[in-house]
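As a plain string of letters, each chain reads:
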Amino acid sequence: MTTTDGVLWAFVAVLFVLGLALAASRWPVWAKGLLVTAVTALYFWSDAALEQVWGWPSRHALPERFVLLAAVFDEPAKGREGALYVWVNEIRDGKPLPQPRAYQLPYSKDLHALLGEAIKKTRQGVTQLGTSEPKRGPKGLSWLRPGSDEQVVKIRDLPAPQLPEK
């Protein structure tokens, strides 16, 4: 059984208990309404949480340091905004993590050009090291600062490793 199957069966169990509570209890109507509202909110929260598990690109910020693996460009057109999709390996403790992660970034021409050049170098065998940092202000409650989810992304060639002397 996969993780998503477990979550599905847990939600079915919650719905079953909700049905019993609504049909067989003598709870006041306001408590039953609150229970229905809570289970409905749980459904929407779990749907958003499972989107991260099912392999959709994350809309979270890019890691501070990463190795660029691939990029796909969805240019804006009439009626849609467009997006940039990147696959990266986060670097922790000086080493890239073994599993890549997909990220969805808002489209910008500058970032499109930067990623395009980086992908050309990647195809030539030059590993690309990327960094990202918030565009405005310190980290913290980003929902208090509109536009604070924007990032400054920089990409450069990974330096050649220095071999020890014999």
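Check the entry above for the structure.
In what follows, the accompanying structure is described.

So, how was this worked out
- Residues numbered from 1 in each chain as written.
- Predicted model: local features only at pLDDT ≥ 70, side-chain atom pairs only at ≥ 80, totals over all residues.
- Heavy atoms only, no water.
- Helix = DSSP H or I, 4+ residues; strand = E, 2+ residues; numbered from the N terminus.
- Buried < 20%, exposed > 50% of the residue type's maximum accessible area, 1.4 Å probe, protein only.
- Contact = heavy atoms within 4.5 Å.
- Areas by Shrake-Rupley, 256 points an atom, 1.4 Å probe, with all protein chains shown as cover.
- Pairing = 2+ DSSP bridges.
- Patch = residues over 30% accessible without salt bridge, like charges linked within 9 Å, V, L, I, M, F, W, Y side chains within 5 Å.
- Salt bridge = Lys/Arg side-chain N within 4 Å of Asp/Glu carboxyl O.
- Core = buried A, V, L, I, M, F, W, Y, C linked by side-chain atoms within 4.5 Å.
- Expected span 1.5 Å × (residues − 1).
- Polar contact = N/O pair within 3.5 Å; in protein donor to acceptor, adjacent residues only side chain to side chain.

1. Structural notes on the overall build of the protein chain
Here comes step 1: When you go through the protein chain residue by residue, the secondary structure sums to three helices and six strands.
Here comes step 2: Along its sequence from the N terminus, the protein chain presents helices and strands in the succession α-α-β-β-β-β-α-β-β.
Here comes step 3: Taken across its 166 residues, the protein chain has 25% of its residues classed as buried.
Here comes step 4: Considering only intrachain contacts with a sequence separation of at least 6, the fraction spanning at least 24 residues in the protein chain is 53%.
Here comes step 5: With an accessible surface of roughly 12,500 Å², the protein chain has 61% of that area assigned to carbon and sulfur atoms.

2. Considerations on the pairing of strand β2 (residues 83-92)
Here comes step 1: Here strand β1 (residues 65-74) pairs with β2 via eight bridges, running antiparallel. Opposite Ala71, over in β2, you have Val86 as the bridge partner.
Here comes step 2: Examined bridge by bridge, β2 and strand β4 (residues 101-106) share six bridges and lie antiparallel to one another. Of the residues in β4, the one forming a bridge with Trp87 is Ala102.

3. Considerations on a nonpolar patch on the surface
Here comes step 1: Taken together, the side chains of Leu8, Trp9 and Val12 present a nonpolar region at the surface, about 320 Å² in accessible area.
Here comes step 2: Residue placement: Val12 occurs in helix α1 (residues 3-24).

4. Considering the nonpolar core
Here comes step 1: If you look at the biggest cluster of nonpolar residues, it comprises 15 residues, and the most contacted ones within it are Leu62, Leu68, Val86, Val88 and Leu115.
Here comes step 2: Per element, the largest residue contribution to this core is four residues, and it comes from helix α3 (residues 109-123).
Here comes step 3: Non-local contacts of Leu68, meaning those with residues more than four positions away in its chain, are made with Val86, Trp87, Val88, Leu115, Ala118, Ile119, Thr122, Gln128 and Ile155.

5. A look at unusual backbone geometry
Here comes step 1: The phi dihedral of Asp93 falls on the positive side, at around 55°, and the residue is not glycine.
Here comes step 2: Tracing the sequence through the fold places Asp93 in the loop between β2 and β3 (95-96).

6. A closer look at the pattern of salt bridges
Here comes step 1: Per the counting criterion, the structure on display carries four salt bridges.
Here comes step 2: Note that Asp157 and Lys121 form a salt bridge whose closest N and O atoms lie 3.5 Å from each other. Pair noted here: Asp157 is in strand β6 (residues 151-157) and Lys121 is in helix α3, with a separation of 36 residues, a long-range link.
Here comes step 3: A relative accessible area of 34% places Lys121 in the partly exposed class.

7. Description of α3
Here comes step 1: With 15 residues, α3 should reach 21 Å at 1.5 Å per residue; the first-to-last C-alpha distance of 21 Å fits that figure.
Here comes step 2: In this structure, the buried side of α3 is in contact with β1, β2, β4, β5 (128-134) and β6.
Here comes step 3: Once α3 finishes, Gly125 follows within two positions and takes phi at roughly 95°, a positive value.

8. Some words on the environment of Leu18
Here comes step 1: Secondary-structure assignment places Leu18 in helix α1.
Here comes step 2: When its relative accessible area of 11% is taken as the criterion, Leu18 is described as buried.
Here comes step 3: With 14 residues separating them in the primary sequence, Leu18 and Lys32 have C-alpha atoms 8.8 Å apart.
Here comes step 4: Leave out the neighbours within four places in its chain, and Leu18 touches Leu35, Val36 and Val39.

9. Examining the side chain of His112
Here comes step 1: Here His112 lies in helix α3.
Here comes step 2: Its relative accessible area of 15% is what places His112 among the buried residues.
Here comes step 3: Here Tyr107 takes part through its side chain, which lies 2.7 Å from a polar atom of the side chain of His112.
Here comes step 4: Once residues lying within four places of it in the same chain are set aside, the contact partners of His112 are Phe73, Glu75, Leu84 and Tyr107.

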